[in-house]
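# Notes for the structure review
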Amino acid sequence: MNAAIHTRQPDPQAEQTLLAAGTPPLLARLFAARQVSRPEELENRLNRLLPYRDLKNIEAAACRLADALARQENILVLADYDADGATACALAMLGLSRMGGQVNFLVPNRFEHGYGLTPELAELAAQQQTKLLLTVDNGIASIAGVQRAQALGMDVLITDHHLPGSELPACIIVNPNQPGCRFPSKSLAGVGVMFYVLSALRAELRARDWFAEQGLPEIQLAELLDLVAVGTVADVVTLDHNNRILVEQGLKRMRAGKTRPGIRALFQVAKRDIAKAKPFDLGFAIGPRINAAGRLDDMSVGIACLLAEDDAHAALLAEELNGLNRERREIEQSMLAEAQNLAEQIAVNGRFGITAFREDWHQGVVGIVAGRLKDRFHRPAIVFAPADNDEIRGSGRSIPKLHLRDALDLLSKRHPDLLLKFGGHAMAAGLSIRAADFGRFEEAFEQVLQELLDEYDLTRTFLTDGSLPSAALSVQTAESLAEPVWGQGFQAPSFYDEFDVLWQREVGVGHRKAGLSRHGRTVEAMFFRCPEALPPKIGTVYRPVANEWRNQTELQLHIDYWEAC
């Protein structure tokens, strides 16, 4: 499929301001093209974090938690079953217990309970003599669950970051995306919201002289930023300045060896060097292994790994997660092959979206498969798998021109009986429908897409940083580009240039390595998922990488896209 190649344009005034502050020329150009206008926006010190007070209801949340600690009430943390939910849960458990709280956690099983605080989970919480039910990374849509918990005598405190619906639960809610919240960053992950709640709670406890009265050392929340970094990157939220601070501070702790035993063990089983930890490691090595527990088994294993206090126990749990991740990959590959065959027919038929369902598909992997289909065909994709009660659950991934949750909201208004429940973000969403309604949903979803999108929106687009001067094709450039925190919404630099192909060979399964030449400079390049032979001259979207092999560091280009010239 042909792609459209566009070039980011740096703001000239911002570029000059950054250059005057001593920013290296290439980085000044890159930052100025990403809406960084002042040197202060590149500072990642903790004192640059946004203050917690602008989060709506956060002081009420802190008071309720402080009261729970004073009364020694049983606090139950209700987590989501992904990496953001797991890290938020571990953060809440560690933070509250270190401040003197009586705290336990409950994480729903994807296959038995579904998503969020349901009335059934409220019943389970009541059986544990819970007084305060604290949700992390979920709850904003749990109206019935909150009502049931309150009827059973529990108070509910929701911490979440998902987009709200038209009606909110009647309880204390901390969510930067709720109506009336003035917090400037709307991109906090669930674990980031919980970090801010703990910050507000610490301030409230200081005001009450709690730590001195209880003989407790005052908690150092910076010690828990490794958890915040993992959850923030793994949840693929936009890395605005505030989130970049949280991630960079967490990475610094990892590189310095000041991290949780569970995170250290996950780096070891993933064969990644924690002393050189980068956002890529969190998003593509650590996060998927934590997520594997929630996808195939029980996220309690992932949370237990993050909470482990000694290396031996952490290593056992990390190895279990690593095994689940291998199993997840095998299931994913089988489902993906079947779904791709179906998607090929859909794309040929000119449909704007991909919807896929089979009776033997696995619920825990539908989101990953939807993402792979979206990447390959550049169309919104929703993949379903069987659930209970003749229902099917779907997970969707979208393209930049479509806000997926809003599209589902529009569909639900036109067909009120079709979606049993749904929620999510611009780029990802989950939903449940009756199995018998799959055909109706497929047509209704396609109709919405054809109204909201046009043919050009379905063209895969690469936004690059233009050409990289040949003289800058070096290990030093690759290493300097690896230093900043890049990620969702603050994309890692990529460039577009034409190269001569000097040699090529297949490596691994379906990958290709080649020697490329430009203006007399030769460099090795990796083409992932590229079984076909390359022509003599190509244009490429690429990222320079400092590749370490047998104690040597060499420049390698990672190719995101290529086309014949």
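Residues numbered from 1 in each chain as written. Predicted model: local features only at pLDDT ≥ 70, side-chain atom pairs only at ≥ 80, totals over all residues. Heavy atoms only, no water.

## Digging into the overall build of the protein
- Within the protein, the regular secondary structure consists of 18 helices and 17 strands.
- Its C-alpha atoms give the protein a radius of gyration of 24 Å, near enough to 24 Å, the size a compact globule of 565 residues would have.
- Along the three orthogonal principal directions, the C-alpha set of the protein runs to about 75 × 60 × 50 Å.
- By residue count, 55% of the 565 residues in the protein fall in the buried class.
- Only carbon and sulfur atoms are counted for the fraction: they give 48% of the accessible area of the protein, which is about 24000 Å².
- Within the protein, the 72 negative side-chain charges are centred at a point lying 4 Å from the centre of the 60 positive side-chain charges. (Helix = DSSP H or I, 4+ residues; strand = E, 2+ residues; numbered from the N terminus. Rg over C-alpha atoms; globule rule 2.2 N^0.38 Å. Buried < 20%, exposed > 50% of the residue type's maximum accessible area, 1.4 Å probe, protein only. Areas by Shrake-Rupley, 256 points an atom, 1.4 Å probe, with all protein chains shown as cover. Lys, Arg positive; Asp, Glu negative; His and termini not counted. Charge placed at Lys NZ, Arg CZ, Asp CG, Glu CD.)

## Points about the state of the cysteines
- A complete count under the given rule lists zero disulfides for this structure.
- Cysteine Cys171 shares no disulfide, and the gap to the nearest cysteine sulfur, in Cys181, comes to 15 Å.
- You can see Cys565 has no disulfide; the closest cysteine sulfur is in Cys530, sitting 14 Å from it. (Disulfide = S-S within 2.5 Å.)

## Observations concerning the packing of helix H4 (residues 83–98) against helix H9 (residues 225–234)
- Interhelical geometry of H4 versus H9 gives an angle of 160° and a closest axis separation of 8 Å. Of the possible angle classes, the one that applies to H4 and H9 is roughly antiparallel. Helix-helix and strand crossings are classified by hand; for H4 and H9 the assignment is left-handed. Residues Ala83, Asp84, Thr87, Ala90, Leu91 and Leu94 of H4 touch H9, and the partners they reach there are Leu227, Val228, Val230, Gly231 and Ala234.
- Residues of the contact of H4 with H9, tallied by class, amount to eight nonpolar, two polar and one charged. (Axes fitted to C-alpha atoms, helices over the stretch in contact; angles between N-to-C directions. Parallel < 35°, antiparallel > 145°, perpendicular 65-115°, else oblique. Left-handed = near helix turned anticlockwise from the far one by under 90°. Contact = heavy atoms within 4.5 Å. Nonpolar A, V, L, I, M, F, W, Y, C, P; charged D, E, K, R; others polar.)

## Remarks on helix H1 (residues 12–20)
- Three or more residues of H1 are buried, namely Ala14, Glu15 and Leu18. The arc that holds the buried residues of H1, viewed along the axis, is 100°, so those residues lie on one side. For H1, the exposed residues set more than 90 degrees away from the buried face come down to Pro12, Gln13, Gln16 and Ala20.
- Its buried side turned inward, H1 meets helix H2 (25–32).
- Two to three positions downstream of the cap, the backbone nitrogen of Gln13 sits 2.9 Å from a side-chain oxygen, assigning the N-cap of H1 to Asp11. (Arc of directions from axis to C-beta. Polar contact = N/O pair within 3.5 Å; in protein donor to acceptor, adjacent residues only side chain to side chain.)

## Focus: the nonpolar core
- In this structure, Met254, Leu373 and Leu516 are the most contacted members of the largest nonpolar core, which totals 141 residues.
- With near-sequence residues (within four places) excluded, Met254 lies in contact with Asp226, Ala229, Val230, Thr259, Ile263, Phe267, Ile274, Ala277 and Leu282.
- Grouped together as the second largest cluster of nonpolar side chains are 24 residues, Phe352, Ile382, Ala407 and Leu453 included. (Core = buried A, V, L, I, M, F, W, Y, C linked by side-chain atoms within 4.5 Å.)

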